[in-house]
Amino acid sequence: MSYLTNAQLKKMGFKFLGENVKISDKACIYDADMISIGNESRVDDFCILSGKINIGKYVHITPMCLIAGGKLGVTLSDFCTLAYGVKIFSQSDDYSGLTMVNSLVDSKYKSEIFSPVLLEKNVIVGTNSVIFPGVVVAEGCSLGAMTLLRKSTTPWGIYLGCPAVRIKERKKNLLKLQHEFLKENSNDSI
């Protein structure tokens, strides 16, 4: 994997760009002026980021992810991870047939859904999962592979399925490890 240089990243015109950010030269970034990326975060090959997006510190977006922030935005808080192929949408067309759909059609003929998405700290989203507009993934949640999340979660749960259901509690041991990691690797407070 080859990453863009610091000069290339700065030239893209991000709203905010932290230190030691790595973005693959094979990622597609649209509307960089609406995207903020915190320290030590990484975006891998074949990812697409567009619209309003706020990425915290130590966030890893693995290959082939799509984050469609649209107008209202997607926020990935500190220590979030998106596994391969995750899709996150803050807007969607109305599929009921009452209005037209298609990005080539003027908005007066459509009834789009716009609602921000928030992933709180320490969330991991499994491969090929999809998160719909308006969802809050609460702190510490884990979504299993191929999970379809249409509704917000409660903290420290493990969710999976289509649609997602909470199957059990997620352990919080990672919080102690995170504290130790930060002491060793950073002067940042999170």
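Below or above, wherever it landed, is the structure these notes cover. A quick note: this is a predicted structure, and the numbers were derived from the prediction, not measured. All residue numbers here refer to positions counted from 1 along the written sequence of the relevant chain. In view of the model being predicted, local features appear only for residues whose pLDDT reaches at least 70, and side-chain atom pairs are presented and counted only at 80 or more, with totals across whole chains, interfaces and linings using the full set of residues. Computation of side-chain values: all heavy atoms of the structure, hydrogens and water removed.

Observations regarding the layout of surface pockets
Line of reasoning, step 1. Cavity: a set of points on a 1 Å grid over the protein atoms alone where a 1.4 Å probe fits but cannot get out. Pocket: an open set with protein on both sides within 12 Å along at least five of seven lines, its lining residues, like those of a cavity, having an atom within 4 Å of a point. Grid points are joined across faces, edges and corners, and a volume is the space filled by probe spheres set on the points. Within this model, the largest pocket holds a volume of roughly 250 Å³.
Line of reasoning, step 2. Forming the boundary of the largest pocket are K71, Q91, S92, D93, Y95, S103, V105, S107, K110, E112 and F114.
Line of reasoning, step 3. Side-chain classes follow a simple rule in which Ala, Val, Leu, Ile, Met, Phe, Trp, Tyr, Cys and Pro form the nonpolar group, Asp, Glu, Lys and Arg form the charged group, and the remainder, Gly included, forms the polar group. Of the residues in the lining of the largest pocket, the class split is three nonpolar, four polar and four charged.
Line of reasoning, step 4. For the second largest pocket, the calculated volume is near 160 Å³.
Line of reasoning, step 5. Forming the walls of the second largest pocket are F79, T81, N122, V123, I124, R170, L174, L177, Q178 and F181.
Line of reasoning, step 6. The dominant element in the lining of the second largest pocket, judged by the number of residues it contributes, is helix α2 (residues 173-185), at four residues.
Line of reasoning, step 7. Among the residues making up the lining of the second largest pocket, the classes are represented as six nonpolar, three polar and one charged. Helix and strand labels come from DSSP, where a helix needs a run of H or I of at least four residues and a strand needs a run of E of at least two; each type is numbered from the N terminus.

Here we look at the environment of G69
Line of reasoning, step 1. Its place among the elements puts G69 in the loop between β9 (66-68) and β10 (74-76).
Line of reasoning, step 2. By relative accessible area, which is 0% here, G69 ends up buried.
Line of reasoning, step 3. Each C-alpha atom of the pair G69 and I53 lies 5.4 Å from the other, and the pair is 16 residues apart in sequence.
Line of reasoning, step 4. A contact between two residues is defined here by any heavy atoms of the two lying within 4.5 Å. Residues within four places of G69 in sequence aside, it is in contact with S50, G51, K52, I53, V74 and S90. Only protein chains enter the accessibility calculation, which uses a 1.4 Å probe; a residue whose area is less than 20% of its type maximum is buried, one above 50% is exposed, and one in between is partly exposed.

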